[in-house]
Amino acid sequence: LPPQHNADPQKTAFLLRKQWTLYSVTPLYGFSNADLKHYARLLSAFTAAEKQKGLAVEVGVELDIKVTVSNVPDLKGSDRDQDAILVQLSLRSSASQKNSEDKLVWLGCFCCVFGDHLSENLPEDFTCLPLFLANGAEGYTSIVGSWFQKTFDCCFRRLAISPLNLSWMAAMWTGCQVDKTTSAMELVFSAPCLPYPLDISYAIHPEDAKALWDTVQKTPGEITQEEVDIFMDCLYSHFHRHFKIHLSATRLMKVSTAIASAHCDGIIKFLQSKYLAGVLMLLTELAISQIQ
Amino acid sequence: HLTTSLPLPSERDHLRPRIDMIVFMIDIKSKCSLKNVEASLSYVDASFFLGKVCFLVTGVGRVNYCSVDMNAIWKLGEAYCSPVLFCELELEGVRVATAQRLLRMLQICAGHVPGVSALSFGTLMRRSADD
């Protein structure tokens, strides 16, 4: 994984240690980086209107949501990528308490990290930001999503991560250098059983996992499907020796390492700023394949 | 005749009718099923690979549940000179169509279709898959 360079880690630190729900987004039509404040105002009005709908009128409660839309130039892969766009929703404190801070309730981030193969053939009016990360209540995600879909004629879809892609992540992230002693690598599988599916959690000491990966990987910096298969097969046969269960007949649902953790429903948590760009690059690629 | 792995138990050899075709089923959601098929292939007599074997890949409807790399399956088809078919078992229409297809292939393999041999049909299938 390429460690992040030229970027100020402080600017991207907001991504770390939060649970993000992932979406793929088709290119935005008519989006301009110069109009961000205008978009914030429009989105704010839209959000207020949506919140009013179906809300029973509560006396004395004012839901005043402040919307900020900003760009994050540090969050990209190459200069060919568009600047990432950050949308923040905060609950404005009531008028009487002027000194208290607004409470951040929802964060959404559009980004593109090394997304050349999607952006290179796009006409001028389209902005390519295929990966969307959302943190906060699903209700707000839905409102913000609807506004973007209506305004820029784009389409959001939950990004699913297949077991095949999860095993790639397991292999890739195991190979990363981490400074201090870290948490165990954990793989969670779903085994089809009647009447309820069984969840199996397999925890591996990170040094053992890395030692195994180091014997499998032939060329540093390059990973092949074959190497990933061998790595996973070793882990599966070790498990089978002890528990007589064939993990290869189950579905890999979640991978957690010191670098990041990923769930097949498209939920991710970044844990190391050093490898943030690398993980985002992989997710951008998954988002692009889901769009195409 | 359905079995979960090869070789077939030898005790029943004398009671078993002639085998005309072998369909290896691979569930794309289970790596284990691919491994099982790979292991079973070595028990099959070479003469079967002249058009009497095919691979049936199931579970392809749900891309997000994919645990098997498709390239590995294509390579298997190429290595054993046998066609690769796809089927989504949960959809009745596809299931019925696939069953009819397999039945037709079986008729050819058993020699019930005059003028078409298993080998010539197998070659035909492979060429159209490459296109």
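Calculation rules
Residues numbered from 1 in each chain as written. Chains lettered and ligands numbered in written order. Predicted model: local features only at pLDDT ≥ 70, side-chain atom pairs only at ≥ 80, totals over all residues. Heavy atoms only, no water. Buried < 20%, exposed > 50% of the residue type's maximum accessible area, 1.4 Å probe, protein only. Helix = DSSP H or I, 4+ residues; strand = E, 2+ residues; numbered from the N terminus. Pairing = 2+ DSSP bridges. Right-handed = clockwise from strand over helix to strand, strands pointing away. Contact = heavy atoms within 4.5 Å. Buried area = accessible area lost by both parts, 1.4 Å probe. Salt bridge = Lys/Arg side-chain N within 4 Å of Asp/Glu carboxyl O. Polar contact = N/O pair within 3.5 Å; in protein donor to acceptor, adjacent residues only side chain to side chain. Nonpolar A, V, L, I, M, F, W, Y, C, P; charged D, E, K, R; others polar. Axes fitted to C-alpha atoms, helices over the stretch in contact; angles between N-to-C directions.

With an unreviewed UniProt entry as reference, chain B is termed Centromere protein M, source organism Rynchops niger.

By the naming in an unreviewed UniProt entry, chain A is Centromere protein L, taken from Rynchops niger.

A.B. asks: How do you make sense of the pairing of strand E2 (residues 53-58) of chain B when you look at a structure like this?
C.D. replies: If a strand is regular, its side chains alternate between the two faces of the sheet. Residues and elements named next belong to chain B. Burial of E2 is extensive: six of the six residues sit out of reach of the surface. A two-sided burial pattern is seen for E2, the buried positions comprising Val53, Phe55 and Val57 on one face and Cys54, Leu56 and Thr58 on the other. Where strand E1 (residues 22-27) meets E2, six bridges bridge the pair, whose relative direction is parallel. Across the sheet, residue Phe24 finds its bridge partner in E2, namely Phe55. With respect to chirality, the unit in which E1 leads through helix H1 (residues 31-41) into the neighbouring parallel E2 is right-handed. Examined bridge by bridge, E2 and strand E3 (residues 84-87) share four bridges and lie parallel to one another. Bridging across to E3, Leu56 finds its partner in Leu85. Between E2 and its parallel partner E3, the chain crosses via helix H2 (residues 70-79), and the hand of that crossover is right-handed.

A.B. asks: How do you make sense of the interface of chain B and chain A when you look at a structure like this?
C.D. replies: Many authors give the size of an interface as the accessible area that is lost as the parts come together. Taken together, the contact pairs twelve residues of chain B with 13 residues of chain A. For the pairing of chain B and chain A, the buried interface totals around 1000 Å² over both sides, and the portion due to carbon and sulfur atoms is 55%. Per-residue buried area on chain B facing chain A is highest for B:Lys31, B:Cys32 and B:Asn64; these three make up 45% of the total on that side. Between A:Asp229 and B:Lys31 there is a salt bridge, and its shortest N-O distance comes to 3.4 Å. Where chain B meets chain A, there are six residue pairs in polar contact (both at pLDDT 80 or more). Across the side of chain B that touches chain A, the residue classes tally to five nonpolar, three polar and four charged.

A.B. asks: What's the story with the sheet that holds E3(B) in this structure? I'm lost.
C.D. replies: Within a sheet, each strand pairs with its neighbour through backbone hydrogen bonds, oriented either parallel or antiparallel. Residue and element names in this part refer to chain B. In spatial order, the strands read E1-E2-E3; together these three strands make up an open sheet with parallel pairing. Unpaired on one side and paired on the other, E1 and E3 mark the two borders of the sheet. Taking each pair of neighbouring strands and ignoring which way they run, the sheet shows an average axis angle of 30°. The sheet contacts of H1 involve E1 and E2, and relative to E1 the element is tilted by about 155°. In the packing of H2 onto the sheet, the strands contacted are E1, E2 and E3, and the crossing angle to E3 comes to about 135°.

A.B. asks: Just to check I follow, could you spell out unusual backbone geometry for this structure?
C.D. replies: Comment: phi is negative for the bulk of residues other than glycine, and the bulk of peptide bonds are trans. Following B:Leu6, the chain continues into B:Pro7 via a peptide bond in cis, with omega recorded as 5°. Mapped onto the elements of the fold, B:Pro7 is located in the segment before E1. Of note, the phi angle at A:Phe114 is positive, near 60°, even though the residue is not glycine. When you line up the elements, A:Phe114 lands in the loop between strand E5 (103-111) and helix H3 (116-119). Positive phi, close to 60°, is recorded for A:Lys244, a residue that is not glycine. Among the structural elements, A:Lys244 can be located in the loop between helix H7 (225-243) and strand E11 (251-256). Overall, the relative accessible area of 60% leaves A:Lys244 in the exposed class.

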